[in-house]
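Residue-level listing of the chains:
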Amino acid sequence: MTDQEQFRQETRDWLEKNCPASMREPMSENEIVWGGRNAQFPNPDSKIWLERMSARGWTAPVWPTEYGGGGLSKDQNMILQSELKRINARPALFSFGLWMLGPALLEFASEEQKLKFLPQIVRGEIRWCQGYSEPGAGSDLAGLQTRAVPDGDDYVINGQKVWTSYADQADWIFCLVRTDTSVKHEGISFILFDMETEGVETRPIKLISGSSPFCETFFRDVRVPQSHLVGKLNAGWTIAKRLLQHERTSISNFGAVTGSEPVPLEFVARNYVGTNDDGKLADASLRERIVTHRMEDLGFQLTLKRVALEATQGSGPSAASSLFKSYGAKINQDRCELTVEAMGAQGLGWSGDSFSEDEIAATRQWLRSKGNSIEGGTSEINTNVVAKQVLGLRDHQ
Amino acid sequence: MTDQEQFRQETRDWLEKNCPASMREPMSENEIVWGGRNAQFPNPDSKIWLERMSARGWTAPVWPTEYGGGGLSKDQNMILQSELKRINARPALFSFGLWMLGPALLEFASEEQKLKFLPQIVRGEIRWCQGYSEPGAGSDLAGLQTRAVPDGDDYVINGQKVWTSYADQADWIFCLVRTDTSVKHEGISFILFDMETEGVETRPIKLISGSSPFCETFFRDVRVPQSHLVGKLNAGWTIAKRLLQHERTSISNFGAVTGSEPVPLEFVARNYVGTNDDGKLADASLRERIVTHRMEDLGFQLTLKRVALEATQGSGPSAASSLFKSYGAKINQDRCELTVEAMGAQGLGWSGDSFSEDEIAATRQWLRSKGNSIEGGTSEINTNVVAKQVLGLRDHQ
Amino acid sequence: MAMILNEEQNMLRDSARDFVSDKGPVSAFRKIRDEENADGFDKALWTEMAELGWAGVIIPEEFGGADFGFQGLGVVLEETGRTLLPSPLVSTIVLGSSALMLGGSDEQKSTFLPAIAEGKCLLALAAEEGAHHAPYGVETTATADGDGWVLNGNKCQVLDGHVANQLIVSARTSGKGTDRDGISLFVVAADSDGVEIEALSMVDNRNASNVKFGNVRLDAGDLLGTQDKGADILDAVLDRGRIALAAEMLGAAQQVFEFTLEYLKERHQFGQPIGTFQALQHRAVKMFGELEICNSVVMEALTAVDEGRDDMPAMASFAKAKVGDAMHLISSEGVQMHGGIGMTDEHDSGLYLKRARVAEHTFGSSAWHRDRFATLSGY
Amino acid sequence: MAMILNEEQNMLRDSARDFVSDKGPVSAFRKIRDEENADGFDKALWTEMAELGWAGVIIPEEFGGADFGFQGLGVVLEETGRTLLPSPLVSTIVLGSSALMLGGSDEQKSTFLPAIAEGKCLLALAAEEGAHHAPYGVETTATADGDGWVLNGNKCQVLDGHVANQLIVSARTSGKGTDRDGISLFVVAADSDGVEIEALSMVDNRNASNVKFGNVRLDAGDLLGTQDKGADILDAVLDRGRIALAAEMLGAAQQVFEFTLEYLKERHQFGQPIGTFQALQHRAVKMFGELEICNSVVMEALTAVDEGRDDMPAMASFAKAKVGDAMHLISSEGVQMHGGIGMTDEHDSGLYLKRARVAEHTFGSSAWHRDRFATLSGY
């Protein structure tokens, strides 16, 4: 037996023994485990599952063991992921720390910072949020104005962030702050601090879908030790960019991560629209648009696979990941649009017993999906990135 | 009877008597009368019709009588046009002189120039072509490099034009030349000269459709009297822009002008694709695209009408005419695409007896239509114009 | 030839615009929504609108109306569409009074039309029975019983159903399935025994209801028009409704376009207004062009009603599909071009997005009307 | 899992690219076109291609082929697609040899396959009878007559028909109309008595013919596969043809994209490369994205053939529709972005535009395949 085969066997055995049966069922959004000081475990098994996985470092399989990670090679990780998929195991932990901050810390943080923060992330003890966008700095993120002014051993931070995901539920924030006002990109630093620090205030933003996953976050004279600065002073933009790549990749994979495949559109359509004698959907226009969408979706999935395969030779997220994000957004938006269209009047309900749970969910998801092409870099910005970085087209002078 | 009623009656009587019967039939493209020194009259009636109309100045109904025009008021012209339409009268003359140069001369030329050139245009004695684009100056027309250098009483012209419509059949050219190389827009002049002048050479350009309506035109030491300059020296750009507006308007109306309505797409499709038992086109996808196209087309026609009505209060072509040109181009391209798609393999023939005349024409027109969004200002440029002039959006700095 | 407004209509537009921006801005709609106003519209404001003559805008003068026709109505609907102002204009005036004018007996007309014109009587059309528009898919039955009928069945998507005084109901008196023949219309008092009305909570917060009829007794005089030939009236009424909705959607789309264009000029990123970016400029021009086209189509469709033209049904489908698509495009672009702020409930973009979907669906989606237009055109 | 090329395939691609750019650039196609070469392709070059093993790329080694499978074939087709190089690859190799491999008797295989692999025997599939793709719409009849058959009927859109040595013909041996059952395939020598072949002049200048069969006598051994069950083979052959055409179109689209992108960088207007204009950048990215997707889809479809997968028919329709649409988009954008020069016969853009239309139509248009894909997916 090769080493790989042996690893696969051991992994399979371990999972068989340690992954609770209820963790092998599809999960709904409110069963997601985000960890943190006030971690919620609606299902007690999910706590056990997180503890077992993080004890092996398998919430962060390729991170080094000295920081609590699993220390696996790429090949081993592929085996682990395929074995997890084989039993339909739920992700043990959803975490911006794992997906975004961690990789950046591994690359840019001091040894001390790594030892302090990474193991907490692996174990899901601290829930992180991201302090990037500001009211005047969205697509032009580098235009941010939140100031950090040195004062003794601290920085004193003043300003406002917006679109801070789950800031009202997060324990710590990784935050971009301006430490030099005389330059743009070169005046930004990357800093970490506790959301319980005095002067931090969050206000949830109500979205058109009715939910409030984002906050406005205000900083008034927030004191943060200078030791919480990651990387060099005024060199935060490099970290920010790298982190954004990770964010884009994770957003475009988000649907896949939850493991809950949406009901195929054609089933919904057949249900609500019916079929002709020849078995074709009764609405020819809808049918044409569904098949077009399905082809786009399948083509996109195949491409994700192909690029992932190609990346096994390469390193890190490729420039094409920007393209994926906008394609993924478009495809999800189309799916949502077509779903509500197929449902007709039943897909336009806001609340009440006259609509099924699925119908209400379809309405809300349709509205929520409109944000897919905005959050984590608008599709326009992503398109610009591809034009420049991949196609080599230049900026207009 | 009001004056208008009386004018209508007189006009109707005159047309009844003077418009030959064969001039009330739809015409094909090769029956168009373009006038000029080598004018072709495939149908002898078309010569009579031109002579009668131009004798009254009705080839240019609203131009002043002193320049050979009809001297009609706007209202009278509307009556004349509606009476012409009533009997399906063919246009007596197709002419860039009438559509483009004439209006510009009326606005910018000297009295002497008007007296010399306008009556010839009205009578179709001189056929004009337009010397605008150059190989390096297409969308950026003002980047033109053809030089006119003063020498005694003349200018000596050197350079190259391209996309000169029918230059190989035209008698005279109205031409943009550079008279100052130190500035861009302010160094251009507008000049007229005979295509038989020594040093002028034309080479037809073969298009993808197989036809050659345009030429490359070369000028080698062409001597032109300075008196042929229109307007002030270096002030030709103003004339050029005004003229382009007229060109856009005439291109978007070109289909309408010939009076030959294409066979409605749905007839073609019914013929080649067939229908289901319920009478719907057998190809549901094609049907959906045809109906979408028909709605776009009808909406466009209604809008042309509406804006024309609004313009009866206003003056000259509105900024929205740029929009019309790109819409008209898109609609004609869609029609051509859908036609060849409906014809299937029969819409893909290049020549030979296995294809009907209509089928070959459909193939060629489809290819030809690709130029609609390029000639006379690309759709991209027209869109920019609307963004700036109509919507008030500014240039990127 | 009525593609541009005449002076009278221009005056109506100006006064409607003043009234709406003064009394019925978007904040008025938000208030109704956030306070969960059970009526779904502002009754006092409706009284004022009726005083301005809006409730009687298409009703002949002999019945107390202003007789401005659909071109007049269109002007008002565009303005209320701009601010999403909810009112019974579509349910009561367009559908209800049209049904009465087209099919009503003299008695029905003189009973209801003056009250409608005064804004005192509200109507609703109960014609749909499923999630998708299907005017002939009628399973509700009206069974002859003595001099009258007994009505049984379920209706849905009834606009303003729960606030209406009278319901106009389609029911099968013969035929089956989706037969066009055999459908009859009835005027049913909303407070009749056996009528159950449930208000729905829709994504656009407009009024829609499910209505159940359980052995509802109707008199001979409650029949509207000719027995079994109700589809003739129903089609004409729905076409008027489609054109009216197109006018409302046009106003809404125009409004989104205007405030989005403003935002493109105001919002700075990378040191410039985002409206200087060419990709956004081209998309803005696309929206502008579609609106220009829609403007012409809606005008033509309203005119077709007033002139009683044969192509009115085709124009109705044309207008509904074209403007439905345009509003769809523009309301989506409105959110996208505003970026994050456009996704917030606080911003107006989302309200138009929601309204677009519902309006596009009501009385047949764009796809439904493209299909119908093609069929009416013979292919 | 074969979504990326293995080393062998990469080598094949490199050598194909070298060969094509050396021996078969676009100018080679222009030469054939402008000289009105009656063969429609370069016979000497075909011999060289056969020597490289291309004629036998999918033929098993036992019959003299290279047995590289469709993934290998796809690599070659993409490269010939890039320069529009005409050859009998699709007609003879994809359609002809597939038909023989899938349905041929041992004798038919050993008679024809080695000659095909050597480039010495050309085949054509005569299956269409109308302007629109309809593989079961067969009115050509093969009537039993003694030991053999008599063939009567007309075929059209026969690729390389007038240069083929052998024709594979679908004919009805039972059933009627568009019945799938009752179709049989026959191998018919092109020089048989009663066969009339007329070469057509198509817009893309590729070979297509009309073929008439007038009382053509066939032997028992001319039947290909099982009587009445020819559609099983025909479908599989057509699916291979669709996937092959998708690979060819992908190469062509890729080429247009690349030279258009170059032009965007080179062509200056207003003092800058036109590729700095954001609206054009966004459209270029759109093309790039579609090509990335098409790349994956074509790879997957070729793999599906090689692996004999059940979803091969669906993948064939998917690939044909998706790449057909992409090539359509990209070839139109190619002309538009080149402006006037793109409209001239002298420039290559137009050649790709023409090829796009014909390739998209051949073996079923994108719309046809979307319809089929939906049907195969059960809706």
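Residues numbered from 1 in each chain as written. Chains lettered and ligands numbered in written order. Predicted model: local features only at pLDDT ≥ 70, side-chain atom pairs only at ≥ 80, totals over all residues. Heavy atoms only, no water.

Draft legend 1. Fine view of the interface of chain C and chain A. In this assembly, 36 residues from chain C lie in contact with 42 residues from chain A. Across the chain C/chain A interface, buried area totals approximately 3000 Å², and carbon plus sulfur atoms make up 60% of it. Our count for the chain C to chain A interface comes out at two salt bridges. Here C:R357 makes a salt bridge to A:E337, at a shortest N to O gap of 2.4 Å. Counting across the chain C and chain A interface gives 22 residue pairs in polar contact (both at pLDDT 80 or more). Breaking the side of chain C that touches chain A down by element, the ones donating at least two residues are β7 (201-202), β10 (268-269), α8 (278-306), α9 (312-338), α10 (349-361) and α11 (366-376) of chain C. For the side of chain C that touches chain A, the element with the most residues is α10(C), which contributes six residues. (Contact = heavy atoms within 4.5 Å. Buried area = accessible area lost by both parts, 1.4 Å probe. Salt bridge = Lys/Arg side-chain N within 4 Å of Asp/Glu carboxyl O. Polar contact = N/O pair within 3.5 Å; in protein donor to acceptor, adjacent residues only side chain to side chain. Helix = DSSP H or I, 4+ residues; strand = E, 2+ residues; numbered from the N terminus.)

Draft legend 2. Representation of the pairing of strand β3 (residues 154-165) of chain B. Residues and elements named next belong to chain B. Alignment of strand β2 (residues 147-151) against β3, held across five bridges, turns out to be antiparallel. In the strand pairing of β3, D151 is matched with D154. Direction of pairing for β3 relative to strand β7 (residues 214-225): antiparallel, over a ladder of 10 bridges. Bridge pairing in β7 places Y155 opposite V224. (Pairing = 2+ DSSP bridges.)

Draft legend 3. Main features of the domain arrangement of chain A. Each assigned domain of chain A is listed with its residue range as follows: domain 1 (3-94), domain 2 (128-236) and domain 3 (262-390). The C-alpha centroid of domain 3 of chain A is placed 28 Å from the C-alpha centroid of domain 1 of chain A. (Domains from an automatic or database assignment.)

Draft legend 4. Spotlight on helix α9 (residues 284-311) of chain B. Under the 1.5 Å per step criterion, the end-to-end length of α9(B) is 40 Å for 28 residues, consistent within 8% with the ideal 40 Å. Sitting at the amino-terminal end of α9(B) is B:D283, which places a side-chain oxygen 3.1 Å from the backbone nitrogen of B:S285. (Expected span 1.5 Å × (residues − 1).)

Draft legend 5. Seen up close, the side chain of D:T276. Along the polypeptide, D:T276 turns up in the loop between β11 (272-273) and α8 (278-306). A polar contact is formed between the side chain of D:T276 and the side chain of D:Q272, at a distance of 3.5 Å. Apart from residues no more than four positions distant in its own chain, D:T276 is found in contact with A:R394, A:D395, A:H396 and D:Q281.

Draft legend 6. Structural context of the packing of helix α9 (residues 284-311) of chain A against α8(D). The geometry of α9(A) relative to α8(D) is characterised by a closest axis approach of 8 Å and an angle of 85° between their N-to-C directions. One way to sum up the angle between α9(A) and α8(D) is to call them roughly perpendicular. Taken together, the residues of α8(D) that come into contact with α9(A) (itself represented by A:G299, A:F300, A:L302, A:T303 and A:R306) are D:E292, D:I293, D:N295, D:S296, D:V297 and D:E300. In terms of residue class, the contact of α9(A) with α8(D) is built from four nonpolar, four polar and three charged. (Axes fitted to C-alpha atoms, helices over the stretch in contact; angles between N-to-C directions. Parallel < 35°, antiparallel > 145°, perpendicular 65-115°, else oblique. Nonpolar A, V, L, I, M, F, W, Y, C, P; charged D, E, K, R; others polar.)

Draft legend 7. Spotlight on the packing of aromatic side chains. Residue and element names in this part refer to chain B. Enumeration according to the criterion identifies 48 aromatic pairs over all chains in this entry. Taken together, a centroid distance of 5.6 Å and an interplanar angle of 55° make the contact between W128 and W172 tilted. Placement of W128 in strand β1 (residues 128-131) and of W172 in strand β4 (residues 172-178) is noted, with a sequence separation of 44 residues between them. W172 matches W128 in its accessibility class, with the two residues each being buried. (Phe/Tyr/Trp six-rings, centres within 6.5 Å; stacked < 30°, edge-to-face > 60°. Buried < 20%, exposed > 50% of the residue type's maximum accessible area, 1.4 Å probe, protein only.)

Draft legend 8. Quick look at the packing of α9(A) against helix α11 (residues 366-376) of chain D. The geometry of α9(A) relative to α11(D) is characterised by a closest axis approach of 9 Å and an angle of 85° between their N-to-C directions. Taken together, the axes of α9(A) and α11(D) are roughly perpendicular relative to one another. Contacts between α9(A) and α11(D) involve A:R287, A:E288, A:V291, A:T292, A:M295 and A:L298 on the former and, on the latter, D:H369, D:R370, D:D371, D:F373, D:A374 and D:T375. Its residues assigned to classes, the contact of α9(A) with α11(D) comprises five nonpolar, three polar and four charged.

Draft legend 9. Fine view of the relation of the copies chain D and chain C. Each copy superposes on the other: chain D lies on chain C with an RMSD of 0.0 Å after a rotation of 180° and an axial shift of 0.0 Å. Those values place the two copies in the arrangement expected of a two-fold rotation axis. Across chain D, the rotation axis passes nearest the C-alpha of D:A279, at a separation of 2.1 Å. Mapped onto chain C, 100% of the interface residues of chain D are again interface residues, and the two copies thus contact each other with one and the same surface. (Least-squares fit on C-alpha atoms with pLDDT ≥ 70 in both.)

Draft legend 10. Spatial organisation of the confidence of the model for chain C. Within chain C, residue pLDDT values average 97, and 99% of them lie at 70 or more. Listed scores for the predicted complex are pTM 0.92 and ipTM 0.92. (pLDDT = per-residue confidence, 0-100.)

Draft legend 11. Inspection of the interface of chain D and chain C at higher detail. In this complex, chain D contributes five residues to the contact, which on the side of chain C involves five residues. Summed over both partners, the interface of chain D with chain C buries about 380 Å², with 55% contributed by carbon and sulfur atoms. Put simply, chain D and chain C have zero salt bridges between them. Remark: the boundary between chain D and chain C carries three residue pairs in polar contact (both at pLDDT 80 or more). Here the residues of the side of chain D that touches chain C are counted per class, giving three nonpolar, two polar and no charged.

Draft legend 12. How the structure looks around unusual backbone geometry. Residue and element names in this part refer to chain B. We note that W163 has phi near 60°; this positive angle belongs to a residue other than glycine. Inspection of the secondary structure assignment puts W163 in strand β3. By relative accessible area, W163 is classed as partly exposed at 23%.

Draft legend 13. How the structure looks around the domain arrangement of chain C. All names here are of chain C. On domain assignment, one finds that chain C holds domain 1 (7-120), domain 2 (124-229) and domain 3 (232-376). Relative to domain 2, the C-alpha centre of domain 1 lies at a distance of 23 Å. Taken together, the contact pairs 22 residues of domain 1 with 18 residues of domain 2. Together domain 1 and domain 2 conceal approximately 1400 Å² of surface at their shared face, both sides included; 59% is due to carbon and sulfur atoms. Among the residues domain 1 hides against domain 2, the three largest losses belong to S91, Q108 and F112. Together they make up 28% of the total.

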